[in-house]
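Chains, contacts and geometry: an overview
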Amino acid sequence: MAKGKSRSYTHRATVPPLYQSAVFDFARVEELAAQIKSGPAFPPSVDDLTYIYSRGGNPTQRKLELDLAALEGADDGLVFASGMAAITAIALSFCEAGCEIAVGYPVYGDTYAVFADLLPRFGVNTTFVDTSDISEVRRALARSPRMLFCETPANPSLAVTDLKAAARACKRCDCLLVVDNTFATPVNQNPLALGADLVVHSLTKFIGGHSDLVGGAVMGAKELITRLRLTQFITGAILDPFAAWLVLRSLKTLELRVQRQNENALALAKLLEKYAKVARVYYPGLASSPYHRIAKKQMRGFGGIVSFELKGGLRKAKRFVNRLKGARIAVSLGSTETLIQIPALITHRIVPEGVQESLGIPRDLVRVAVGIEPTAELLAHFRQALKEL
Ligand SMILES: *Cc1c(COP(=O)(O)O)cnc(C)c1O
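Residues numbered from 1 in each chain as written. Predicted model: local features only at pLDDT ≥ 70, side-chain atom pairs only at ≥ 80, totals over all residues. Heavy atoms only, no water.

Once that is clear, we can look at the overall build of the chain. A count of helical and extended segments in the chain gives 14 helices and 12 strands. Relative to the 2.2 N^0.38 estimate, which gives 21 Å for 389 residues, the radius of gyration of the chain is 22 Å and therefore close to what a compact globule would have. In terms of its C-alpha atoms, the chain occupies a principal-axis envelope of roughly 75 × 50 × 35 Å. In the chain, the proportion of contacts linking residues at least 24 apart, taken out of those at least 6 apart, comes to 72%. (Helix = DSSP H or I, 4+ residues; strand = E, 2+ residues; numbered from the N terminus. Rg over C-alpha atoms; globule rule 2.2 N^0.38 Å. Contact = heavy atoms within 4.5 Å.)

The following block contains the structure:
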């Protein structure tokens, strides 16, 4: 084909094509130079052909960004190499030496490490707050933080933050509210509609949903996303086009998968609650949860993660996890198969042992991320393992 001729390779494909291309070429050097002069390529739409280099934009990534933005009711979105790349890019884009950040707890182990260990090395001061208590949020805001970062429901305790109240408090003091919505998914909760400024996802989890890719995303107002896009362009943590294509495939079944996961998790939480051998169940969908009222207000479903403690502590917890059939002993969550682990020893191991308990991560907590198997099958496996305990 002649150089620079308009090309259409899509052939009315029903599935969005995979642009496995790092580079996009131009008919004349002046045309390419004109694009570079105006800065990195930030194409406004998937139809825009000013892609130059896939670190600055790629049509497959872009299609996914727009679809994710639509799911969260955002102006714009940006996809990353991982959830952690997305969170780090937010910190790099909106903080600098001397600024304060407030972080809700608990949070994912590596998120804790970014805020507790990495950022302080660059002069950023982090305060951890129990954002499920709105008076604690107000107290943290008195320090005039640049940003309040929280997860709701939180990993692994499923503590819920009242997002409307937190957003109102943040607005009053010009503090950016960033919500990690990985546990809820856009099917169950839309933080931007409740007043958050940015929403983050680990695409690795429910959105990817099949344990076969690692990715992250941020959605929000165009102005904020543009700032993040520049950070991503110069630091490089982009989502590979093939991984973006796989996520596009996952989006088709997201709602179906999450609905089944909601049902499975609620049924499992109700089952666990009935056993005398179970000391405590953590699930915002249970009427007995201290977060049920607020969860019902801001969520459409309660998600696919259930945590619990057994009587007999860590020894019993390990025994149970090893005995349970029908669940993989693995990190991650939101997949089609049920995954089980002990956060204090694994996903949140990076949080110092002496700090774990005070951040809402009991040593013997067991976290289950349910899959999409038939509910009766899931419950039968748990009944059997509890019987054998
Ligand atoms: C897994 C996870 C992350 C990190 O995402 P990666 O894709 O593993 O980098 C961030 N937040 C939450 C709540 C998570 O569960």
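Once that is clear, we can look at the domain arrangement of the chain. We note that the domain assignment places domain 1 (29–251) and domain 2 (254–388) within the chain. Measuring from the centre of the C-alpha atoms in domain 1 to the corresponding centre in domain 2 gives 26 Å. Counting from both sides, the interface comprises 43 residues of domain 1 and, opposite them, 40 residues of domain 2. In this assembly, domain 1 packs against domain 2 so that about 3,300 Å² is buried in total across both faces, 62% of it on carbon and sulfur atoms. Along the contact surface separating domain 1 from domain 2 lie 0 salt bridges. At the surface where domain 1 touches domain 2, the tally comes to 20 residue pairs in polar contact (both at pLDDT 80 or more). Contributions of two or more residues to the side of domain 1 that touches domain 2 are made by helix 4 (109–118), helix 6 (163–172), helix 7 (185–188) and helix 9 (241–251). (Domains from an automatic or database assignment. Buried area = accessible area lost by both parts, 1.4 Å probe. Salt bridge = Lys/Arg side-chain N within 4 Å of Asp/Glu carboxyl O. Polar contact = N/O pair within 3.5 Å; in protein donor to acceptor, adjacent residues only side chain to side chain.)

Time to look at empty space enclosed by the protein. Evaluation of the coordinates by the stated rule reveals 2 cavities of 30 Å³ or more. Within this model, the largest cavity holds a volume of roughly 40 Å³. If you go around the largest cavity, the residues you meet are G104, Y105, P106, D130, T131, S132, C150, E151, A154, A159, V160 and T161. Residue composition of the lining of the largest cavity, by class: 6 nonpolar, 4 polar and 2 charged. What the second largest cavity holds in volume is close to 30 Å³. Along its surface, the second largest cavity is lined by G56, G57, Q61, E65, L78, R229 and Q232. Of all elements in the fold, only helix 2 (59–71) and helix 8 (222–235) reach the threshold of two or more residues within the lining of the second largest cavity. Looking at the lining of the second largest cavity, its residues break down into 1 nonpolar, 4 polar and 2 charged. (1 Å grid on protein atoms, 1.4 Å probe; cavity = no way out; pocket = protein on both sides within 12 Å on 5 of 7 lines; lining within 4 Å. Points joined across faces, edges and corners; volume = space filled by probe spheres on them. Nonpolar A, V, L, I, M, F, W, Y, C, P; charged D, E, K, R; others polar.)

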